[in-house]
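Spelled out, the chains give:
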Amino acid sequence: KANGTIFLASQKVEGAKDLTLYKFPPKVILMLGSESKGISPELMAIADHDLFIPMVGMAESYNISVAAALCMYEIFKQRKTELDLETLDKLRGER
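Residues numbered from 1 in each chain as written. Predicted model: local features only at pLDDT ≥ 70, side-chain atom pairs only at ≥ 80, totals over all residues. Heavy atoms only, no water.

Another point: a nonpolar patch on the surface. There is a patch of nonpolar side chains on the surface, built from Tyr-62, Val-66 and Leu-70 and spanning about 210 Å² of accessible area. Looking at the element boundaries, Leu-70 is found in helix H2 (residues 64–79). With relative accessibility at 33%, the residue Leu-70 sits in the partly exposed group. (Patch = residues over 30% accessible without salt bridge, like charges linked within 9 Å, V, L, I, M, F, W, Y side chains within 5 Å. Areas by Shrake-Rupley, 256 points an atom, 1.4 Å probe, with all protein chains shown as cover. Salt bridge = Lys/Arg side-chain N within 4 Å of Asp/Glu carboxyl O. Helix = DSSP H or I, 4+ residues; strand = E, 2+ residues; numbered from the N terminus. Buried < 20%, exposed > 50% of the residue type's maximum accessible area, 1.4 Å probe, protein only.)

Below is the structure:
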């Protein structure tokens, strides 16, 4: 936190912000918990913000790999407009 890093907890709790509406800062640590136990109380205590992934349908949660992918995609989606074409090509790798 000393270098301006924001700690984000992905969990559906009262006051949590919609992942798709949250403006991600440059330095982020994203914390995810298991479906059964969630995020530990120790990590919840250091979270600057809580985020939830909006869902439609009967499911109440995603497994951790899907939740991580959705969160990282949202971060990438927001940041790709800030990247120049050369950097984007490097991230995509050789084709």
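Structure's up, so let's keep going.
Moving on to the pairing of strand S1 (residues 6–10). Most of S1 sits inside the fold, with 4 of its 5 residues counted as buried. For S1 and strand S3 (residues 28–32), the ladder comprises 5 bridges, and the chain directions are parallel. Each residue of the ladder has a partner; that of Phe-7, found in S3, is Ile-29. In the sheet, S1 pairs with strand S4 (residues 49–52) via 3 bridges, with the strands oriented parallel. Its bridge partner lying in S4, Ser-10 is registered against Leu-51. (Pairing = 2+ DSSP bridges.)

With that settled, consider the pattern of salt bridges. Inspection of the entire model under this criterion finds 1 salt bridge. Note that Glu-74 is salt-bridged to Lys-77, the shortest N-O span being 3.1 Å. Taken as a pair, Glu-74 and Lys-77 lie in helix H2 at a separation of 3 residues, close to a single helical turn. Given a relative accessible area of 5%, Glu-74 falls into the buried group.

Compared with the 22 Å implied by 1.5 Å per residue over 16 residues, the 22 Å span of H2 between its first and last C-alpha is a close match. Buried within H2 we find Ala-67, Ala-68, Cys-71, Glu-74, Ile-75 and Gln-78. In an axial view of H2, the angular spread of the buried residues amounts to 130 degrees, which keeps them on one side of the axis. Where H2 is buried, its residues meet S1 and S3. (Expected span 1.5 Å × (residues − 1). Arc of directions from axis to C-beta. Contact = heavy atoms within 4.5 Å.)

Per the counting criterion, the structure on display carries 1 aromatic pair. Centroid distance Tyr-22 to Phe-24: 5.1 Å. Interplanar angle 80 degrees. Geometry classified as edge-to-face. (Phe/Tyr/Trp six-rings, centres within 6.5 Å; stacked < 30°, edge-to-face > 60°.)

The residue Gly-33 is located in the loop between S3 and helix H1 (41–46) in this model. Sequence spacing of Gly-33 and Ala-68 is 35 residues, and the spatial spacing of their C-alpha atoms is 9.9 Å.

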